[in-house]
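# Descriptive structure summary
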Amino acid sequence: NDGDGGAIVQDSNINPADVADFRTMFGLPANPVNVILNGPDPGIQGPNSVTDDEIEADLDVQWAGAVAPGATIDLVVSQDSESIGMFGTDLSAIYIVDNNLAPVMSESFGSCEASIGPSAEALYVDLWQQASAQGITAIISAGDNGSAGCDPDPNKSNQDVANDGIAVNGIASTAFNVAMGGTDFQNSGSTQNQPGTTSTFWNTTNSTDG
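All of the points below concern the structure found in this document. Since this is a predicted model, take the numbers as computed values, not measurements.

### Points about the packing of helix α1 (residues 16-25) against helix α2 (residues 54-67)
For any two helices packed against each other, one specifies the inter-axial angle together with the distance between the axes. α2 packs onto α1 with a crossing angle of 40 degrees between their chain directions and a minimal axis gap of 10 Å. Here α1 is positioned oblique relative to α2, judged by the angle of their axes. Handedness of the crossing formed by α1 with α2: right-handed. Contact residues: D18, V19, F22 and R23 in α1; E54, D58, V61, Q62, W63, G65 and A66 in α2. Residue composition of the contact of α1 with α2, grouped by class: five nonpolar, two polar and four charged.

Structure follows, in structure tokens:
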């Protein structure tokens, strides 16, 4: 346990130059991401790939590095496994916990709790409980659609309304993890929210990364 960094769960590799460019753009010190391949390299999962998760991998490592500029960021990348029927993201999370890789672990993926079933939910309960016992803080996304995570319909005008019932991200619904969310702000000029409220949430005197 290195005590001064964080581990990111992923199923896509990244181009390290993208991280370097991001850090230069925002005036951050050079601090390369440590990519750890857990098994075969799934490669960069860009548009039209199996998972299309490169953008998520870039987002996760870049902003983790912006929040903690001096931290060691470990990006753990695993390929989906057909032989054992597990997602690469689950394999990466297991690797991080089993190897006690970092004091903080971040996973920005979600899945409707009602659809993953009790056996999958038990996996996350056991895994995050193990992480907690080892002193690892498991931070999991609350989900892009929040309480509407089980019924986003591309034809609905508002993706954030739980038309089919309130739900949660099953990966983040245990007693042993932190479910992180609350970033859906009322942006100025929005057609679905009252305009002119940006100043409530953003301070224009903040730095570009703060």
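### Concerning the sheet that holds strand β3 (residues 72-77)
Within the open sheet, the six strands sit side by side as β2-β3-β1-β4-β5-β6. Their pairing is parallel. Two strands close off the open sheet at either side, each with one partner strand: β2 (34-37) and β6 (178-180). Here the average twist between neighbouring strands, direction ignored, is 25 degrees. By the bridge criterion, three bridges tie strand β5 (residues 137-141) to β6 in an arrangement that is parallel. The residue of β6 that forms the bridge with I140 is A179. Across the face of the sheet, α2 comes into contact with β1 (5-10) and β3 while running at roughly 170 degrees to β1. Of the strands in this sheet, β1, β2, β3 and β4 (104-107) are in contact with helix α3 (residues 88-98), which crosses β1 at around 155 degrees.

Conventions adopted
- Residues numbered from 1 in each chain as written.
- Predicted model: local features only at pLDDT ≥ 70, side-chain atom pairs only at ≥ 80, totals over all residues.
- Heavy atoms only, no water.
- Axes fitted to C-alpha atoms, helices over the stretch in contact; angles between N-to-C directions.
- Helix = DSSP H or I, 4+ residues; strand = E, 2+ residues; numbered from the N terminus.
- Parallel < 35°, antiparallel > 145°, perpendicular 65-115°, else oblique.
- Left-handed = near helix turned anticlockwise from the far one by under 90°.
- Contact = heavy atoms within 4.5 Å.
- Nonpolar A, V, L, I, M, F, W, Y, C, P; charged D, E, K, R; others polar.
- Pairing = 2+ DSSP bridges.

What is shown is where atoms sit, not what they do.
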